[in-house]
Amino acid sequence: MTLLKEPDHGTPEREGPATVTVEVDGLPVVVPEGTSVLRAASQAGVSIPKLCATDSLEAFGSCRLCVVEIDGRRGTPASCTTPVTDGMRVSTETPRLQRLRRGVMELYISDHPLDCLTCSANGDCELQDMAGAVGLRQVRYGYEGKNHLDAPKDTSNPYFDFDASKCIACSRCVRACDEVQGTFALTIAGRGFESTVSPGAGGSFMESECVSCGSCVQACPTATLQEKSVVQLGLPSRTVITTCAYCGVGCSFKAELRGNELVRMVPYKDGGANEGHSCVKGRFAFGYAGHPDRKLEPMVRDTIDEQWRVVSWDEAIGTVARRMLDIQRRHGAGAIGAISSSRCTNEEVFVVQKMVRAAFGNNNVDTCARVCHSPTGYGLKQTFGESAGTQDFKSVAQADVIMVIGANPTDGHPVFASRMKRRLREGAKLIVVDPRRIDLVRSPHIEAAYHLPVRPGTNVAVVNAMAHVAVTEGLVDRTFALERCEDFDGWAEFIAGAEHSPEAVEAITGVPAADLRGAARLYATAANGAIYYGLGVTEHSQGSTMVMGMANLAMACGNIGRDGVGVNPLRGQNNVQGSCDMGSFPHELPGYRHVSDQAVRGVFEKLWGRDIEPEPGLRIPNMFDAAIGGSFHGLFVHGEDIAQSDPNLRHVSAALHAMELVVVQDLFLNETAKFAHVFLPGASFLEKDGTFTNAERRINRVRAVMPPRTGKHEWQIICEIATAMGYPMGYDHPSQIMAEIASVTPTFAGVSFELLDKLGSVQWPCNENAPAGTPVMHIGEFVRGKGRFVRTEYVPTEERTTRRFPLVLTTGRILSQYNVGAQTRRTGNVAWHPEDLLEVHPHDAEDRGITDGDLVTLTSRVGETTLHARVSDRMPVGVVYTTFHHPVTGANVVTTEHSDWATNCPEYKVTAVQIALTRPIHV
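Enquirer: How should I be thinking about the packing of aromatic side chains in this particular structure?
Expert: How two aromatic rings sit relative to each other is given by the distance of their centres and the angle of their planes. For the structure shown, the criterion picks out 19 aromatic pairs. With 5.1 Å between their ring centres and 65 degrees between their planes, Phe604 and Trp608 make a pair best called edge-to-face. Taken together, the residues span about one helical turn, with Phe604 and Trp608 both in helix H21 (residues 598–608) at a distance of four residues. On the accessibility criterion, Trp608 (4% relative accessible area) is buried. These aromatic residues form a ring-pair network of at least three members: Tyr159, Phe160, Phe162, Phe205, Phe284 and Trp832. Over the ring of Trp308 we find Arg301; its NZ or CZ atom is 4.0 Å from the centre of that ring. Sitting above the plane of the Phe753 ring, Arg701 keeps its charged end 4.2 Å from the centroid.

Structure representation (structure tokens):
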């Protein structure tokens, strides 16, 4: 499509019925109470000049361009700050108003560079547009007086420049940072003529608290804040609406291009998940798609000691098929398998599991989603009857108490974090359950009511204690628990046991009993209490138990089935939810239906024309064990870097080394590709056509900005491998794959590309009962009928500290980097995080003679690595923390093979370690 210019109504929309009738320049319009005159005029089709006003921000009233005349009122009020009243009559273009506006514009232009023809924003500048709109032809004051034309330019940020000489001090950037992002990194320094935008304490943007979300750039009406890519490439000329391929928030973007070159990614105002907001990754970190490290041709080699040989697609696909079939002939049908990716589209993931079941003839398919959120699927299925979160993101605006457990939204899910922070600034209370003092505990205009610094591995004890308080102090919603749930009495008797009291578990969890009781009371007595959680819940040996424990607590307090409540997983990767939905587990077909169910198998067998094994296949850890044991020999790895991301990397490396055939399909030669015999180049999200499903079950369209640079779509490659193995599989377009998904998956029954193109996005279940999707689940009744209370015994992890390994390591993400860093490390984001660091409490550092910046050795019972120390009191004594974005660090070299009892999700968050200064080697 041509360049999409979204309408800007000047001020935000007001909720409620349209009951107020206003007449603007003789045109009637009916709007909700509280609507501004400026917005009402816009909705009537009347454009009023404006500069400081934009509909993503509350009215400010500083520019004085949007003045109007109102019958019966004196003066010329600003239309942005004036609310409508019933029967109001407004005039927007009188001679007096025209004179006033031209006078205002003269003042602006007299202190602005006259470089429109050479300015990077020429044709995309609101100041330029407004000068034309008010009919300004000359500036009476001249340009010789005092001005800001020699103000310095700040080019410190890798993605945008700040040219103070072009600033009109409209405060839109400052307000966007405050109201939309919630970082409060910018301010207006000085007064009057000396007023200027200042990042932080007056330093550069890179020295400030700015998180480079792009809100300020988006809000700026001039070229003051401008993307470097626009300066270098020129303004874009066409738009493709697509979906970000980073975290599980699933932001919608306008990919704006000049010819076939991507100029910038602009957050889409109609995006259901982000509503025009973004983070540094989605907004700016797309350069990896064109990075010179990217491989665009297939390659093969006979052994991993040889050099790669570039081959044709036919030879590469034929090699995969021939060698996979040969392995099966010699070792049996179960000797091969595949790993699908949460970074790929639903359609791509679906055809991978179909290839395994129909062409490989087994159920040996697993996904990276299992190593992060499989306890979510198991735990919520047991209690609620559905393996997904309960709310849409907008729901948080109705929450009175928000509990964040084992998640760091400002780093891992920043656009949702901005929504949450907005609600917290409005008065909602916050409980943070996390070993680490994350930013949400205390940041500008936000302070948690409680921070419960839980000892890693003891989450279940904490949630049981909170439930104990609710039950024993009579804070449960008995009507909800008894009418809408089952097994409540037995669970209540169990949880009321003295062993679950905050006092009893204090020594186990490290959380003071008084704080635990206070937090429990706060949540239990909230009108609306919402739980949001992350990998700090699931990546434990009791991850599934903890998910059920949170579900128990929510049901006991009646916090399910309406806006502002719920139990909500914050998915780490863009399509974690979708990869689970599509049947990427060895025991489940699409839609979370067990392979042992004959009726379900029958549906797929009839459609696919192949028998499906009734027994579950191998999970990833089982594949590795079987490879080392000599019974598993061929693995197709689709879009994952298991040699960096999986735990106990020595074990992973040994397994990959033992296999006869490892096939890697990815953008780059990653760590896993070191063990590969065939490399199939993948497509970036900019080249994909399909769908992603985000953490709120929202199915978003992914549209190709450009054709695949490799010459083939990823789903097409999978189909050609299956066909070469003797199972004909093919589609003309990914919409046909979605049609097949909808035909066999009840929760997707109503989903089609046509519907998504019409509505923008839908949240499953989407079927005849919910043709427009389901924002909030379990209204009236649970998916399983009645919610089920489950006993959640606390069982200590087998990973214990010892005299040799006295510290506990836990891991997490940072804002600027994504997962194993393969994408973000190839962008300007390395400016913020060039290496993984180990956070160490000052007490632990002093005991070991470690100072900030020292190189230290991190050792566990399975491996060791080295990295630099950051001495910080964010962690409690006895706990250390690092990220896992850089392969040179290889944090997962030290993580162990312990895993969740129900799903084998690795226990990344609890590893007994020791740290010591790294001694230099003297030659």
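From this point, things continue past the structure.
Enquirer: Sorry if this is basic, but what is going on with the sheet that holds strand E10 (residues 238–243) here?
Expert: The pairing of strands in a sheet comes from backbone hydrogen bonds and takes either a parallel or an antiparallel form. Pairing is antiparallel across the open sheet formed by three strands, whose spatial order is E10-E11-E12. Edge positions in the open sheet fall to E10 and strand E12 (261–267), since each of these has one partner strand only. With strand direction ignored, the average angle separating the axes of adjacent strands in the sheet is 30 degrees. Examined bridge by bridge, E10 and strand E11 (residues 252–258) share six bridges and lie antiparallel to one another. If you follow Thr243 over to E11, its bridge partner there is Ser252.

Enquirer: Hey, could you run me through the environment of Ser645 in this one?
Expert: The topology assignment puts Ser645 in helix H23 (residues 642–645). Note on Ser645: relative accessible area 14%, which makes it buried. Contact partners of Ser645, with chain neighbours within four places excluded, come to Glu640, Val820, Asn892 and Tyr908.

Enquirer: Would you mind going over the sheet that holds strand E30 (residues 690–693) with me for this structure?
Expert: If you trace the three strands from one edge of the open sheet to the other, you get E30-E31-E32, paired in antiparallel fashion. Since the sheet does not close on itself, it has two edges, and those belong to E30 and strand E32 (761–763), each with one partner. Strand-to-strand twist across the sheet, computed as the mean angle between neighbouring axes with direction ignored, equals 30 degrees. Relative to E32, strand E31 (residues 698–702) runs antiparallel, the two being bridged by three bridges. Paired with Ile699 across the bridge in E32 is Val762. Relative to the sheet, helix H9 (residues 346–360) contacts E30 and E31, its axis offset from that of E30 by approximately 95 degrees.

Enquirer: Sorry, what's going on with empty space enclosed by the protein here?
Expert: Picture a little ball the size of a water molecule; that probe, rolled over the atoms, points out where space is still empty. The final tally for this structure, using the stated rule, is 11 cavities of 30 Å³ or more. The calculated volume of the largest cavity comes to roughly 630 Å³. Along the wall of the largest cavity there are 40 residues; nearest its centre are Leu535, Glu539, Thr811, Gly812 and Lys909. Of all the secondary-structure elements, those providing two or more residues to the lining of the largest cavity are helix H10 (370–383), helix H11 (409–412), helix H18 (535–538) and strand E34 (807–812). In terms of residue count, the dominant contributor to the lining of the largest cavity is E34 (three residues). For the lining of the largest cavity, the per-class residue count stands at 16 nonpolar, 17 polar and seven charged. Lining the second largest cavity are 16 residues, with Arg343, Leu667, Ala683, Ser684 and Lys688 sitting closest to its centre.

Enquirer: Any chance you could explain the layout of surface pockets here in plain terms?
Expert: In this model, the second largest pocket occupies a volume close to 990 Å³. Forming the walls of the second largest pocket are 36 residues, and the residues nearest its centre are Val211, Asp411, Asp439, Leu815 and Arg874. Looking at the lining of the second largest pocket, the elements that each hand over two or more residues are H11, helix H12 (414–425), strand E19 (442–443), strand E35 (837–840) and strand E38 (879–883). Classifying every residue of the lining of the second largest pocket by side-chain character gives 13 nonpolar, 12 polar and 11 charged.

Enquirer: Before we go on, may I ask you to explain the pairing of strand E18 (residues 429–433) in this structure?
Expert: Look at any regular strand and the pattern is simple: side chains alternate between the two faces of the sheet. Where burial is concerned, most of E18 is hidden: four out of the five residues are buried. Summarising the sheet, strand E17 (residues 401–405) and E18 pair through five bridges and their orientation is parallel. By the bridge assignment, Ile405 is partnered in E18 with Val433. Pairing of E18 with strand E21 (residues 450–452), which is carried by three bridges, proceeds in the parallel orientation. Looking at E21, one finds that Val432 is bridged to His451.

Each value, and the rule that gives it
Residues numbered from 1 in each chain as written. Predicted model: local features only at pLDDT ≥ 70, side-chain atom pairs only at ≥ 80, totals over all residues. Heavy atoms only, no water. Phe/Tyr/Trp six-rings, centres within 6.5 Å; stacked < 30°, edge-to-face > 60°. Helix = DSSP H or I, 4+ residues; strand = E, 2+ residues; numbered from the N terminus. Buried < 20%, exposed > 50% of the residue type's maximum accessible area, 1.4 Å probe, protein only. Lys NZ or Arg CZ within 6 Å of the ring centre and 35° of its normal. Pairing = 2+ DSSP bridges. Axes fitted to C-alpha atoms, helices over the stretch in contact; angles between N-to-C directions. Contact = heavy atoms within 4.5 Å. 1 Å grid on protein atoms, 1.4 Å probe; cavity = no way out; pocket = protein on both sides within 12 Å on 5 of 7 lines; lining within 4 Å. Points joined across faces, edges and corners; volume = space filled by probe spheres on them. Nonpolar A, V, L, I, M, F, W, Y, C, P; charged D, E, K, R; others polar.

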